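Take a look at the letters that make up each chain.
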Amino acid sequence: MSLRSRNLPRRSCLAIPGSSEKMMGKGPGTNADMVFLDLEDAVAPKEKEASRARIVSAIRGHDWGNKVLCVRINDWSTKWTAYDILEVVGNAGDRLDEIMLPKVENAAQVVAADLLLRQVEIANGLPVGHIGIEAQIETARGLINVEEICEASPRLETIIFGPADFSASMEMPVLTGGVQIPDYPGDHFHYVFSKILMAGRANGLQVIDGPFLHVRDNDALREYAKRTRTLGYDGKWALHPDQVDVLNDVFSPTQEQFDKAWQILDAYNQATETDGKGAVMFGLEMIDEASRKMALKFITRGELAGRTRTPQA
Ligand code: GLV
Ligand code: MG
């Protein structure tokens, strides 16, 4: 299912309002790994229907290179969801990789999108399963059901945390979602981040953190993005192209980590294949099979980020 985009990097996921031809025109020239053209909260209700055709012509009219290309449709509580799928997926052609489903509350909502996509694919000559799904967890109910949501369809490629809507759903006394709250001693989203990450990983999904709303403060973005990077997330949203380079950097292994991961792998392979040992010293550390697995994750991510191994002296 959705083979092209499933394993592509999503360190930076750039939101672009589908009502703006100008902003959509700038999308291909950014360094974002993934772009989503929005029909949901960045588009005024009276512009939603007209924006479908704008999005279709932006998808068809620009060269999106190797980016993951996605359209965020409206959630199932609105009158637009099915028509967003019919009109956008029905006309966009095969360059569209995925749709993003916001405010997902249960597995049935993913299944409903899956079934409708199947019909639209057949009717429009697309391979069945071509369109992937990104699901946003941004309500209390969605978080309670995140485990069933993550296993609801083979089309699912990512699970995403939406901090702004989630803060509203939880009635948190904040007016800016997705930033640190100094009054809270610790990370008020730690449980949420971890719960979504576990559900996503258990089902082989990429796991993505949502927006950081102080769009002019890239130092604060860098600091904040390290939280989900450190937990193991694959990437984070950018609301402005200026946020993209920060995210690409934060969500890529450093050259030092990448080189060390290769050295661990070499030492482990030498130990197991040549010396017949399962655990061996690597400098001052003991490494074993689990170390190999950790090293491989760094290597895969580093290669996706374009890193190559520093030649050894
Ligand atoms: C994103 O959609 C959010 O609500 O944070
Ligand atoms: Mg939202």
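Residues numbered from 1 in each chain as written. Chains lettered and ligands numbered in written order. Predicted model: local features only at pLDDT ≥ 70, side-chain atom pairs only at ≥ 80, totals over all residues. Heavy atoms only, no water.

Trainee: What exactly am I supposed to notice about helix H9 (residues 190-202) here?
Mentor: Owing to its 3.6 residues per turn, the α-helix aligns residues three or four sequence positions apart on the same side. For H9, spanning 13 residues, the distance from its first C-alpha to its last is 18 Å, which sits close to the expected 18 Å at 1.5 Å a residue. When H9 is considered as a whole, its buried residues turn out to be Val192, Phe193, Ser194, Lys195, Ile196, Leu197, Ala199 and Gly200. (Helix = DSSP H or I, 4+ residues; strand = E, 2+ residues; numbered from the N terminus. Expected span 1.5 Å × (residues − 1). Buried < 20%, exposed > 50% of the residue type's maximum accessible area, 1.4 Å probe, protein only.)

Trainee: I would appreciate a short explanation of the coordination of the magnesium ion (ligand 2) in the present structure.
Mentor: Six octahedral donors at a metal ideally form angles of 90 or 180 degrees, and four tetrahedral donors ideally form angles of 109.5 degrees. Only Glu138 (OE) and Asp165 (OD) from the protein coordinate the magnesium ion (ligand 2), and they sit 2.1 to 2.2 Å from it. Taken together, the residues span a long stretch of sequence, with Glu138 in the loop between strand S5 (132-137) and helix H6 (140-144) and Asp165 in helix H8 (residues 163-170) at a distance of 27 residues. On the basis of relative accessibility, which here comes to 2%, the residue Glu138 falls in the buried class. Residue classification places Asp165 among the partly exposed residues on the basis of a relative accessible area of 23%. (Donors = N, O, S within 2.8 Å, 3.2 Å for Na, K, Ca; no water.)

Trainee: Please clarify how the site of ligand 1 should be interpreted in this entry.
Mentor: Arg72, Gln136, Glu138, Gly162, Pro163, Ala164, Asp165, Pro211 and Trp237 make up every residue found near ligand 1. At 2.9 Å, a side-chain N or O of Gln136 approaches an oxygen atom of ligand 1. The contact in question runs from an oxygen atom of ligand 1 to an N or O atom on the backbone of Ala164, over 2.7 Å. In the complex, the protein chains occlude 93% of the 190 Å² of accessible area that ligand 1 would expose alone. Taken atom by atom, the bulk of ligand 1 overlaps the second largest pocket. No other element matches H8, which puts 3 residues into the shell around ligand 1. Within the shell around ligand 1, the residues separate by chemical class into 4 nonpolar, 2 polar and 3 charged. (Near = heavy atom within 4 Å. Polar contact = N/O pair within 3.5 Å; in protein donor to acceptor, adjacent residues only side chain to side chain. Areas by Shrake-Rupley, 256 points an atom, 1.4 Å probe, with all protein chains shown as cover. 1 Å grid on protein atoms, 1.4 Å probe; cavity = no way out; pocket = protein on both sides within 12 Å on 5 of 7 lines; lining within 4 Å. Sits in = over half its atoms within 2 Å of the grid points. Nonpolar A, V, L, I, M, F, W, Y, C, P; charged D, E, K, R; others polar.)

Trainee: Please explain the layout of surface pockets as it appears in this structure.
Mentor: Of the volumes computed, that of the largest pocket is approximately 550 Å³. Contributing to the lining of the largest pocket are 18 residues, with Arg201, Gln206, Asp234, Thr300 and Arg301 lying nearest its centre. Here the lining of the largest pocket is built from residues that sort into 6 nonpolar, 4 polar and 8 charged. For the lining of the largest pocket, the two domains that each supply at least three residues are domain 1 (12-250) and domain 2 (255-304). What the second largest pocket holds in volume is close to 460 Å³. Around the second largest pocket sit 25 residues that line it, and Ala15, Ile16, Pro17, Ala42 and Leu239 are the ones nearest its centre. The set of elements that each furnish at least two residues to the lining of the second largest pocket consists of strand S1 (12-17), helix H2 (21-26), strand S2 (34-38) and H8. The greatest single-element share of the lining of the second largest pocket, amounting to 4 residues, is contributed by S1. In terms of residue class, the lining of the second largest pocket is made up of 14 nonpolar, 5 polar and 6 charged. (Points joined across faces, edges and corners; volume = space filled by probe spheres on them. Domains from an automatic or database assignment.)

Trainee: Looking at this model, I keep getting lost on the side chain of Asp75. Mind explaining?
Mentor: Along the chain, Asp75 turns up in the loop between strand S3 (68-72) and helix H4 (81-92). Reaching out from Asp75, the side chain makes a polar contact with the side chain of Ser77 at a distance of 2.5 Å.

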